[in-house]
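Fold and contact review
Chain residues, written in single-letter form:
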Amino acid sequence: MRLLSRKATCNTHGQDSSYFLGWEEYEKNPYDKVKNPNGIIQMGLAENQLSFDLLESWLAKNPDVSGFKRDGKSIFRELALFQDYHGLPLFKKALVDFMAEIRGNKVTFDPNHMVLTAGATSANETLMFCVAEEGDAFLLPTPYYPGFDRDLKWRTGVEIVPIQCTSSNNFRITESALEQAYQDARKRNLRVKGVLVTNPSNPLGTTLSRNEFDLLVDFIKDKETMHLISDEIYSGTVFSSPSFVSVMEILKEMTPNDAAKIWNRVHVVYSLSKDLGLPGFRVGAIYSENDAVVAAATKMSSFGLVSSQTQYLLAAMLSDNKFTKKYISENQKRLRRRQRMLVTGLQKAGIKCLKSNAGLFCWVDMRHLLCSNTFEAEMELWKKIVYQVGLNISPGSSCHCSEPGWFRVCFANMSQDTLNVAMKRVKNFVTDSTGAECGSSSACFTKSFSNWVFRLSSRDHRAPEER
Amino acid sequence: MGVMSKEQSQLLSKIATGNGHGEDSPYFDGWKAYDENPYHPTNNPHGVIQMGLAENQLTADLVEEWVMSNPEASICTPEGVTDFKAIANFQDYHGLPEFRKGVAKFMAKSRGNRVKFEAERIVMSGGATGAHEVTTFCLADPGDAFLVPTPYYPGFDRDLRWRTGVQLVPVKCESSNNFKLTKQALEDAYDKARQDNIRVKGLLITNPSNPLGTILDRATLRTIVKFINDKRIHLVCDEIYAATVFSHPGFISIAEILEEETDMECDRDLVHIVYSLSKDMGFPGFRVGIIYSYNDKVVQCARKMSSFGLVSSQTQHLLASMLNDDEFVGRFLAESAKRLGERYRVFTKGLGQVGIKCLPSNAGLFLWMDLRRLLKKATFEAEMELWRVIIHEVKINVSPGASFHCSEPGWFRVCYANMDDEAVKVSLQRIHTFVLKNKDVVVPDKKRCWQDSLRLSLIKNRRFDDIIMSPHSPIPHSPLVNATN
């Protein structure tokens, strides 16, 4: 009898993906301005480190919170004991208000329809457990966040079937791609339970267009057991037009007849990891108008509640409307500036990015630097960028992109100086390698690469927590 | 949740629409009575006193004092805010190194430093709830089973089974030997499972026990280790109440058995510990669950799964500081045991004064009360009736043994560490009042053993009902006879 479970011995956790392999190199040789100026710069980590000073100054002005006090009285005991899976009411109220504010107050959320979870990782898995099971599939537009392979599939037994999007139309979802995905699932004898989109998109950095929304709504409208899940974890990172349109807004705008068909099959996932830059605090949420989903998900949240200490801190912070207003707008300003720096810097090296208006990264087109239009060539290029250029970026294949040559490059997890250094390196690399031959050193790269993959997949390596 | 429409049941998964969440258990019913009418010393002095909640509130002042005196442990204070950015950003599922070190030290210290724990094997989870589910996901496939000695914590029905598809097979323990776990019971349960074509993957023990409050002795632990090695099944030891041991005999962790009983063969790859700070330190709200496995592959797999329930880095940071404060930890553990012991003595004495016996125990946050003599009949229906009387007349929420899958009716778990001294007095007062109101009903201590042996001999010849109902019987009427529902 096998000693461990099948789940423990398979690799559906997805950690052998190349997405995580570059980390090892970064960890061995991390860039430091002073101590290791030739080290690898981490650009594979979708973190928002641009606005911590705003949070820190809020803390300085709010000593009650740090002292576990409310109106001068200590509430430490109550917090220490508070494990109600309905969550701290003040926190849920503050969170829904914050979400509404991010959406320009065009929609409101009812705290009773919100379930708190330990990060969006847990939110996405929990939602899967509620709406699908083994033998079912969800359709996801490619490219998508590699973590979904673990979050949606691993312990749930649910499958992901890709909706192939291509550069020909800037990776927008098309009706034919949607239909094709549906047919692919059926061919594999999978029951399609719905579509999951990330809006704004990771890794594209774009927001869903109204046309895409129409397609999605039409697709699920008359299929009564199909859900639409919108992961809006990057909703607060939209820094330029077109402005963000949440799926909840789409619902609100629909005719009552149409809305009636789908209101209880649309669900939103959120988190404070990207918008507020607090991934360590593990704050995720599921929002649904479907009472049965909320009821089941609430019970499941027992497996990953948000620490009461953290709920308390964030309840206070997010209830401060003056603060949240200022934070949202300043954060977006800084993201916009930073994205422009990256785009311009890459432009100077003759590298284009997909036009984006959100996210903590750009979707970079390096197809012209490939030796051949293959994923092997993409891997070769990626290794050059990691080893020669010293940048850890994420290859499109790890995001299940259907075309080789695209890379996700993050810009919000480093200082401005470091970004400048990265841009200089890219420029030098491109200048130096113009005219350089493809394939000359690729053979030995390929060999050492596969050895490296072998070594890595058998070890418990670090930190695949990011998006 | 109302009746589910057909569409709704197809719209959602079986897991979501079934009742594997276990919340329909009577364990939770008493809560409703409490929620609707909670006791408060001034605002609602006649409300229901919550004694169904195994919380440790006795040492909150110590922890609070530490937190206030160590502002740098918080990332929100002026003293600690310089760490804010790094901590807020930290989501590595290995956890903060200092946090893991602190937990390993605390675990060792609460076992008298008789064993050491490696920080590298500490894996985080969303409370012990999350730890149990992750451990089950790692060790078993849908359809597999875990053996669990009864009576056991009702939450296991959800934690080990709900989303994993794994089953639980009870190992019957009986009052005749104080609910000790025997080799025979283990073998019987295992054999029965095999006969039913159920693949047993492991044995789950809670030591100290919930709801019994007792600890496993060395001989039993050795029996268990031999059993799981013989059968090649896993052993999961939930030691969540390890530091609640307040008197002799001392706690023996499975870790000690592994280290010390070297004459026994034990495959360490089969041994795993589930732990949490919710009971020992009394902060369930902070969601600190720990999986400690001696099996490297399980550590690796559980670590990946911990992504679904990491401990907030803010909390890790606070606790790293607290648990590495050796002076505080030493003082805390000593004081906690002292206070729990005192509370135990006060409560058992109070119950004894009205002839209510409890299983002798030396750990946990509760007592396993023997109310069999108050049952109308030796049935679970009678147990439910008695329970309703306790909730509605005595106005105390206790947990009926049936909800712990006890094989015999009449046992109740009553928690005593989740209230202050005043509330203890009030609850004992209520029990006294109730029992004395039915005073010809309860026999004082010294007459009891005479009565017991008389009853036994009577039982041999007469139906239990007859004995209870007969006006001439020396056996007291159950209060249920006079009770109104």
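Rules used in this analysis
Residues numbered from 1 in each chain as written. Chains lettered and ligands numbered in written order. Predicted model: local features only at pLDDT ≥ 70, side-chain atom pairs only at ≥ 80, totals over all residues. Heavy atoms only, no water. Helix = DSSP H or I, 4+ residues; strand = E, 2+ residues; numbered from the N terminus. Buried < 20%, exposed > 50% of the residue type's maximum accessible area, 1.4 Å probe, protein only. Contact = heavy atoms within 4.5 Å. Areas by Shrake-Rupley, 256 points an atom, 1.4 Å probe, with all protein chains shown as cover. pLDDT = per-residue confidence, 0-100. Core = buried A, V, L, I, M, F, W, Y, C linked by side-chain atoms within 4.5 Å. Buried area = accessible area lost by both parts, 1.4 Å probe. Salt bridge = Lys/Arg side-chain N within 4 Å of Asp/Glu carboxyl O. Polar contact = N/O pair within 3.5 Å; in protein donor to acceptor, adjacent residues only side chain to side chain. Nonpolar A, V, L, I, M, F, W, Y, C, P; charged D, E, K, R; others polar. Domains from an automatic or database assignment. Phe/Tyr/Trp six-rings, centres within 6.5 Å; stacked < 30°, edge-to-face > 60°. UniProt positions renumbered as here; feature names shortened; annotations may be inferred. Pairing = 2+ DSSP bridges. Axes fitted to C-alpha atoms, helices over the stretch in contact; angles between N-to-C directions. Parallel < 35°, antiparallel > 145°, perpendicular 65-115°, else oblique. Left-handed = near helix turned anticlockwise from the far one by under 90°. Right-handed = clockwise from strand over helix to strand, strands pointing away.

Now for the overall build of chain B. Per the secondary structure count, chain B includes 19 helices and 13 strands. In chain B, buried positions account for 62% of the 485 residues. Taking the contacts inside chain B whose residues are at least 6 apart along the sequence as the reference set, 74% of them involve residues at least 24 apart. Surface exposure of chain B reaches about 19000 Å², of which carbon and sulfur atoms provide 52%.

Of all residues in chain A, 91% have pLDDT values of 70 or greater, and the mean over the chain is 91. Contacts of residues 440-467 of chain A to residues separated by more than four positions or lying in other chains number 69 contacts, the stretch itself having pLDDT below 50.

In this section: the nonpolar core. Judged by nonpolar contacts, the single largest core of 171 residues is most densely connected at Phe91(A), Leu95(A), Leu139(A), Leu272(A), Phe84(B), Phe117(B) and Leu203(B). Of all the elements, helix H6 (residues 89-102) of chain A adds the most residues to this core, at eight residues. When sequence neighbours within four positions are dropped, the list of residues in contact with Leu272(A) reads Phe91(A), Leu95(A), Phe98(A), Gly277(A), Leu278(A), Val283(A), Leu314(A) and Leu318(A). Counting residues in each nonpolar core, the second largest holds 149 residues, with Phe148(A), Val269(A), Val293(A) and Phe429(A) among its members.

Taken together, the contact between chain B and chain A spans 81 residues of the former and 79 residues of the latter. Here chain B meets chain A over a buried area of about 7200 Å², counting both sides, of which 60% is carbon and sulfur. In this assembly, chain B and chain A are joined by four salt bridges. As a salt-bridge pair, Glu133(A) and Lys14(B) come within 2.6 Å of each other at their nearest N and O atoms. Between chain B and chain A we count 26 residue pairs in polar contact (both at pLDDT 80 or more) in total. Of the residues that constitute the side of chain B that touches chain A, the class distribution is 37 nonpolar, 24 polar and 20 charged.

All names here are of chain A. Partitioning chain A into domains gives domain 1 (4-51 + 331-430) and domain 2 (68-322). Using only C-alpha atoms to locate each centre, domain 1 and domain 2 end up separated by 26 Å. Each partner contributes residues to the interface: domain 1 has 32 residues there, and domain 2 has 36 residues. A buried area of about 3000 Å², summed over both sides, lies between domain 1 and domain 2, and 59% of it is on carbon and sulfur atoms.

What follows concerns the packing of aromatic side chains. Under the counting rule described, the total for this entry stands at 32 aromatic pairs over all chains. Their ring planes at 75 degrees and their centres at 6.2 Å tell us that Phe76(A) and Phe286(B) sit as a pair that is edge-to-face. With Phe76(A) in helix H5 (residues 76-81) and Phe286(B) in the loop between strand E7 (271-276) and strand E8 (288-293), the pair connects residues from two separate chains. Per residue, the accessibility class of Phe76(A) equals that of Phe286(B), and both read buried. Seen from their ring centres, Trp368(B) and Phe404(B) are 5.8 Å apart, and the 85 degrees between their planes marks the pair as edge-to-face. Pair noted here: Trp368(B) is in strand E10 (residues 366-370) and Phe404(B) is in the loop between strand E12 (399-400) and strand E13 (411-415), with a separation of 36 residues, a long-range link. Here Trp368(B) matches Phe404(B) in class, with each residue buried. Taken together, the aromatic side chains of Phe68(A), Phe76(A), Tyr312(A), Phe283(B) and Phe286(B) make up a single cluster linked through ring pairs.

Moving on, we get to the side chain of Thr214(B). You can see Thr214(B) is positioned in the loop between strand E5 (200-206) and helix H10 (218-231). Those residues within four positions of Thr214(B) in sequence are excluded, and the remaining contacts are Asn207(B), Pro208(B), Ser209(B), Leu359(B), Pro360(B), Ser361(B) and Asn362(B).

The next subject is the UniProt feature "domain: Aminotransferase class I/classII large" (unreviewed entry) in chain A. As annotated in UniProt, the feature "domain: Aminotransferase class I/classII large" (unreviewed entry) corresponds to residues 41-425 of chain A in the numbering used here. The distance separating the terminal C-alpha atoms of residues 41-425 of chain A is 10 Å; by composition the span is 44% helix and 16% strand.

What follows concerns the domain arrangement of chain B. Residues and elements named next belong to chain B. Taken domain by domain, chain B comprises domain 1 (24-58 + 329-434) and domain 2 (70-324). Here the C-alpha centroids of domain 1 and domain 2 sit 26 Å apart. Tallying the contact residues gives 31 residues for domain 1 and 38 residues for domain 2. At the boundary of domain 1 with domain 2, total buried surface from both sides reaches about 2900 Å², with 65% on carbon and sulfur atoms. When the area that domain 1 buries against domain 2 is broken down by residue, the three leading residues are Val329, Asn362 and His405, summing to 21%. Counting every contact that joins domain 1 to domain 2 gives zero salt bridges. Counting across the domain 1 and domain 2 interface gives 15 residue pairs in polar contact (both at pLDDT 80 or more). Elements supplying a minimum of two residues to the side of domain 1 that touches domain 2: helix H14 (326-352), E10 and E13. Broken down by element, the side of domain 1 that touches domain 2 gets its largest block of residues, nine residues, from H14.

All names here are of chain B. Strands sit in the order E2-E8-E7-E6-E5-E3-E4 across an open sheet of seven strands; the sheet is mixed. Each end of this open sheet is capped by a strand with a single partner; those strands are strand E2 (122-126) and strand E4 (167-171). When the angles between neighbouring strand axes are averaged without regard to direction, this sheet yields 25 degrees. Bridge count between E5 and strand E6 (residues 234-238): five bridges; the pairing is parallel. Each bridged residue has a counterpart across the sheet, and for Leu203 the counterpart in E6 is Leu235. Helix H9 (residues 183-195) contacts strand E3 (145-149), E4 and E5 of the sheet and is inclined by roughly 140 degrees relative to E4.

All names here are of chain B. Under the counting rule described, the total for this entry stands at 56 salt bridges over all chains. Among the salt bridges present, the one from Glu327 reaches Arg331, with a minimum N-O distance of 3.0 Å. Here the residue Glu327 and the residue Arg331 both occupy positions in helix H14, the gap between them amounting to four residues, near one helical turn. The exposure class assigned to Arg331 is partly exposed, which follows from its relative accessible area of 37%. Each member of the salt-bridge network shares a partner with another, and the members are Arg218, Arg222, Glu260, Glu261 and Asp263.

We now examine the sheet that holds strand E12 (residues 361-365) of chain A. All names here are of chain A. Ordered by their spatial adjacency, four strands build an open sheet running E11-E12-E15-E14, and the pairing between neighbours is antiparallel. Among the strands making up the open sheet, the edge pair consists of strand E11 (352-353) and strand E14 (394-395). In the packing of helix H15 (residues 321-348) onto the sheet, contacts are made with E11, E12 and strand E15 (406-410), and the angle to E12 comes to roughly 15 degrees. Each of E14 and E15 touches helix H16 (residues 375-389); the most contacted strand, E15, lies at about 30 degrees to it.

All names here are of chain B. Counting all residues, the mean pLDDT for chain B is 88, and 88% of those residues have values of 70 or more. Confidence drops under a pLDDT of 50 for residues 441-485, and excluding neighbours within four residues, the segment shows 66 contacts in the predicted structure. Taken together, the chains of this predicted complex give a pTM of 0.90 and an interface ipTM of 0.90.

Take the UniProt feature "domain: Aminotransferase class I/classII large" (unreviewed entry) in chain B next. Feature annotation in UniProt places "domain: Aminotransferase class I/classII large" (unreviewed entry) on residues 49-431 of chain B, given in this structure's numbering. Each end of residues 49-431 of chain B is marked by a C-alpha atom, and these two atoms are 11 Å apart; helix forms 41% of the span and strand 15%.

Moving on to the packing of helix H3 (residues 52-61) of chain A against H15(A). Residues and elements named next belong to chain A. The interhelical angle for the contact between H3 and H15, taken along N-to-C directions, is 160 degrees, at an axis separation of 10 Å. Our classification of the angle between H3 and H15 gives roughly antiparallel. Like other packed secondary-structure pairs, H3 and H15 cross with a definite hand, here right-handed. Contacts from Asp53, Leu54, Leu55 and Trp58 of H3 reach H15 at Phe323, Lys326, Tyr327, Glu330 and Arg334. Partitioned by chemical class, the residues of the contact of H3 with H15 number five nonpolar, no polar and four charged.

Here we take up the packing of helix H6 (residues 97-109) of chain B against helix H13 (residues 313-323) of chain B. Residue and element names in this part refer to chain B. Packing of H6 against H13 leaves a shortest axis separation of 8 Å and a crossing angle of 45 degrees. By the criterion of interaxial angle, the relationship of H6 to H13 is oblique. Crossing hand, H6 versus H13: left-handed. For the pair H6 and H13, contact is made by Glu98, Phe99, Gly102, Val103 and Phe106 and by Gln316, Leu319, Ala320 and Leu323, respectively. Class assignment for the residues of the contact of H6 with H13 results in six nonpolar, two polar and one charged.

A few words now on the pairing of E6(B). All names here are of chain B. Counting buried positions along E6 yields five of five residues, so the element is predominantly enclosed. In E6, alternate side chains face the same way, and those of His234, Val236 and Asp238 on one face and Leu235 and Cys237 on the other are all buried. For the segment spanning E5, H10 and E6, crossover handedness is right-handed. Bridge count for E6 against E7 is four bridges, and the pairing is parallel.

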